[in-house]
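# Understanding the architecture of this molecule
Here is how the chains run, residue by residue.
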Amino acid sequence: VRGGKLYDQEIMPESPPSPGDIVLINGSAHRYKHGSSELPKDFHWTLHNAEKVHLSLLPLQYSHQLMDQSEVLDISPDGQRVRVRCLADQAIISVFDLDAVVVLRRKPQ
């Protein structure tokens, strides 16, 4: 959903996120290995070796956690990827394509 309501919360109109913004991750996103925190040890070994993993391949609870609210840490120098910290579990840092995130709240100015 872009520029509407999701779970009774306003979604900001489509615009690129900035560090400190709160975003939601699209369910069709890929999580990139480089720049992300390690996956839990009990996940299948093929997930640990992959350069990127589609969220649908991760265990349901973990993928839902990744799609929940996250804080933008930074944007890649080429502007193609975003690194975020999961608000539900601050230890989880993930890298996604920039077009896989939707801004929920802007960082207060």
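Note that residues are indexed from 1 along each chain, following the sequence as it is written. Confidence filtering applies because this is a predicted model: local features only for residues at pLDDT of at least 70, side-chain atom pairs given and counted only at 80 or more, and all residues used for totals across whole chains, interfaces and linings. The basis for the side-chain values is all heavy atoms of the structure; hydrogens and waters are excluded.

## Digging into the overall build of the protein chain
Secondary structure summary: the protein chain contains two helices and nine strands in total. In this description a helix means any DSSP run of H or I spanning at least four residues, a strand means any run of E spanning at least two, and both kinds are numbered starting from the N terminus. When its helices and strands are written in sequence order, the protein chain yields β-β-β-β-α-β-α-β-β-β-β. Counting all 109 residues of the protein chain, 36% fall into the buried class. Nonlocal contacts in the protein chain, meaning residues at least 24 apart in sequence, comprise 56% of its contacts between residues at least 6 apart. For the protein chain, the computed accessible surface area is about 6700 Å², with 53% contributed by carbon and sulfur atoms. Only protein chains enter the accessibility calculation, which uses a 1.4 Å probe; a residue is then buried when its area is under 20% of its type maximum, exposed when over 50%, and partly exposed in between. Should any heavy atoms of two residues lie within 4.5 Å, those residues are counted as being in contact. The Shrake-Rupley method, run with a 1.4 Å probe, gives the accessible areas here. Residue values count only the displayed protein chains as cover.

## Let's talk about the pairing of strand 8 (residues 93–97)
Counting buried positions along strand 8 gives four out of five residues, so the element sits mostly inside the fold. At least two bridges found by DSSP between two strands is the condition for calling them paired. Where strand 7 (residues 81–86) and strand 8 come together, five bridges link them in antiparallel fashion. Bridge pairing in strand 8 places Arg81 opposite Asp97. Linking strand 7 to strand 8, which pair antiparallel, is a turn of six residues.

## Description of the pairing of strand 7
Only one face of strand 7 is buried, namely the one carrying Val82, Val84 and Cys86, since none of Arg81, Arg83 and Arg85 on the opposite face is buried. In this structure, strand 6 (residues 70–75) lies alongside strand 7, joined through five bridges in antiparallel fashion. Following the sheet pairing, Glu71 is matched in strand 7 by Arg85. Following strand 6, the chain reverses through five residues before pairing antiparallel with strand 7; Gly79 in that reversal takes a positive phi of roughly 75°.

These figures capture arrangement, not role.
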